Amino acid sequence: MHNLVIDLLLTNAKAYVKKEIVDCSIAVENGEILKVGKETQMPKADDKISLKNLLVLPGLIDVHVHLRDEGKAYKEDFYTGSSAAAAGGFTTVLDMPNNDPVTMSPETLRNRMRIAERKVLVNVGFYSEFPNKLEKIGDIVAEGAVGFKLFMADQVGGLNLNDDRALNDAFVKVGEEAVPVAVHAEDRDFIMSNARELKAAKRDDHAAFLRAHAEQAELKAVERVLKTSADTKARVHFCHVTTEEGLGRVVQAKESGRAVTCEVTPNHLLLSNVDFERIGSVLAMMPPLRSKTNADALWKGISEGSVDVLCSDHAPHTKDEKSTNSIWDAKVGVPGLETTLPLMLTMVKKNRLTLDALVRLLAEKPAEIFNIKGRGRLLQGMKADLVAIDLKKSYKIDASKFHSKAKYSPYNEWEVQGKPIKTLVSGHLVMDEQEIVAKPGSGGVIRGGAQ
Ligand SMILES: [Zn+2]
């Protein structure tokens with residue numbers, strides 16, 4: 001032990017360890033945190049990085065990201081998407097399956113993992129949509145899916161959304177596995193019948209979009225999912241909850257002992273339907289931006305602990321796909337990997353959020369819910385996934401500098417305080433001063449379930 005020379009020593013850190021900020025050094029060996037303590041007590045290291053009093057948090061985990069690639073590589077690919085993650089302080093992201101091809105079989109999942117392995121800079125896990133045949137669920141989990149996505153707003157996977165019995169069968173089957181079901185809760189029939197009427201009336205403005213996706217669409221879908229999964233062992237994770245009533249139903253379910261969790265996005269906390277009206281189709285997203293009252297309810301959910309996770313819902317598209325004349329043609333979603341942490345650090349600065357809550361929502365709970373082992377906390381024995389932050393740095397968000405292919409943002413020009421300066425993944429420096437310093441493929445694919 002005395003002659004041990006370790007891989008890396010991080011010195012002069014202010015590290016977030018067990019809800020305290022401690023002045024320390026962090027010893028890294030074989031990609032893991034060997035020791036957290038005084039520099040004088042540390043073994044010799046091959047490499048040393050001074051963190052100059054930067055705040056060091058466990059690497060963040062984003063459970064809702066669309067990395068695209070394959071048939072949608074023109075919007076984003078595994079390299080640009082994972083670069084955006086590293087630049088934003090995220091060391092692990094979970095990729096959504098609504099790609100081309102849709103991830104919904106052991107073969108599509110395996111192929112996606114194979115392509116990702118050569119390109120990614122951070123850890124990436126993959127969701128699968130439900131397969132056409134539910135018997136395949138076990139094979140998909142064995143292949144390493146971190147969870148199943150149930151998109152209730154439109155037909156993406158193999159599950160018949162009109163059939164309550166089929167939904168129940170799917171929840172029963174996933175309940176036998178060690179992975180959750182992530183639900184996009186918006187009712188397809190409700191949206192479609194509203195949209196049909198509005199289109200017939202020649203309406204194609206933002207207000208029509210909001211009416212088609214009215215709050216009841218979320219409530220209906222949340223209630224239906226809670227009902228059809230009630231007698232099953234499935235763990236249900238509600239994606240991007242946006243309404244006071246929707247969150248209220250999730251809280252009721254939690255209080256009744258159901259294995260239910262939920263996430264919110266910065267978009268639904270920091271923007272509203274007023275911004276959508278002002279800015280237009282670029283802010284089109286699903287679920288849409290809601291009233292200020294709903295945003296306040298989500299903030300309340302965060303302070304009361306009923307919201308489990310913050311996620312970016314990073315959904316890159318080209319600028320052309322976002323700037324359409326008719327709102328019905330606009331692609332939904334905005335990029336978010338490079339803005340989420342600075343925005344939330346700014347909220348900490350403004351006392352809307354505690355640092356404890358930020359770490360819980362962006363690292364600890366995501367690791368817990370999705371069973372991501374060895375990550376999500378800064379402790380001895382955990383993977384050395386870390387983000388070093390300059391809390392004092394004030395600057396304006398500049399979307400033209402994004403690593404993502406989607407170089408626009410609802411937050412462009414917003415004044416923020418708190419900047420990710422270095423990101424380490426399994427002990428390797430990936431991002432330094434917003435530059436990518438690691439090679440494509442230096443990240444890795446993580447597998448979910450009981451593996
Ligand atoms: Zn999404």
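For the structure itself, look to the data block above.
This structure is a prediction, so every number in the text was calculated from the model and none was measured.

**Student:** Tell me about the overall build of the chain, and name the residues and values.
**Tutor:** Assigned secondary structure in the chain consists of 14 helices and 18 strands. In terms of overall size, the chain behaves like a compact globule, its C-alpha atoms giving a radius of gyration of 21 Å where 451 residues would be expected to give roughly 22 Å. Oriented by its inertia axes, the alpha-carbon framework of the chain measures out at about 75 × 50 × 40 Å. Classification of the 451 residues of the chain by burial places 60% in the buried group. Considering only residue pairs separated by 6 or more positions, the chain has 75% of its internal contacts joining residues 24 or more positions apart. For the chain, the exposed surface amounts to about 18,200 Å²; the carbon and sulfur share of it is 47%. Between the averaged position of the 61 positive side-chain charges in the chain and that of its 62 negative side-chain charges there is a distance of 2 Å.

**Student:** Tell me about unusual backbone geometry, residues and numbers included.
**Tutor:** Aspartate 100 connects to proline 101 through a cis peptide bond whose omega is 5°. Across the junction of methionine 286 and proline 287, the peptide omega takes the value -10°, indicating a cis bond. The backbone of glutamate 70 shows a phi angle near 45°, a positive value even though the residue is not glycine. Locating glutamate 70 in the fold gives a position in the loop between strand E6 (60-65) and helix H1 (78-87). Non-glycine residue aspartate 313 carries a positive phi angle of around 45°. In this structure, aspartate 313 sits in the loop between strand E13 (309-310) and helix H12 (319-322).

**Student:** Tell me about the pairing of strand E15 (residues 415-425), residues and numbers included.
**Tutor:** In terms of burial, E15 is a largely internal element, 9 of the 11 residues being buried. Direction of pairing for strand E14 (residues 386-396) relative to E15: antiparallel, over a ladder of 8 bridges. In the strand pairing of E15, isoleucine 389 is matched with proline 420. Here 4 bridges tie E15 to strand E16 (residues 428-432), and the two strands are oriented antiparallel to one another. Within E16, the position partnered with threonine 423 by the bridge is methionine 431. Hairpin geometry of E15 and E16 is characterised by an intervening segment of 2 residues between the two adjacent antiparallel strands and by a positive phi of about 45° at serine 426.

**Student:** Tell me about the coordination of the zinc ion, and name the residues and values.
**Tutor:** In this structure, His64 (NE2), His66 (NE2) and Asp313 (OD) serve as the protein donors to the zinc ion, at separations of 2.1 to 2.3 Å. We note that the donor set of the zinc ion lies within a single chain, spaced as H-x1-H-x246-D. Of the two residues, histidine 66 sits in the loop between E6 and H1 while aspartate 313 sits in the loop between E13 and H12, which places them 247 residues apart along the sequence. Both residues of the pair, histidine 66 and aspartate 313, count as buried.

How each quantity is defined
- Residues numbered from 1 in each chain as written.
- Predicted model: local features only at pLDDT ≥ 70, side-chain atom pairs only at ≥ 80, totals over all residues.
- Heavy atoms only, no water.
- Helix = DSSP H or I, 4+ residues; strand = E, 2+ residues; numbered from the N terminus.
- Rg over C-alpha atoms; globule rule 2.2 N^0.38 Å.
- Buried < 20%, exposed > 50% of the residue type's maximum accessible area, 1.4 Å probe, protein only.
- Contact = heavy atoms within 4.5 Å.
- Areas by Shrake-Rupley, 256 points an atom, 1.4 Å probe, with all protein chains shown as cover.
- Lys, Arg positive; Asp, Glu negative; His and termini not counted.
- Charge placed at Lys NZ, Arg CZ, Asp CG, Glu CD.
- Pairing = 2+ DSSP bridges.
- Donors = N, O, S within 2.8 Å, 3.2 Å for Na, K, Ca; no water.

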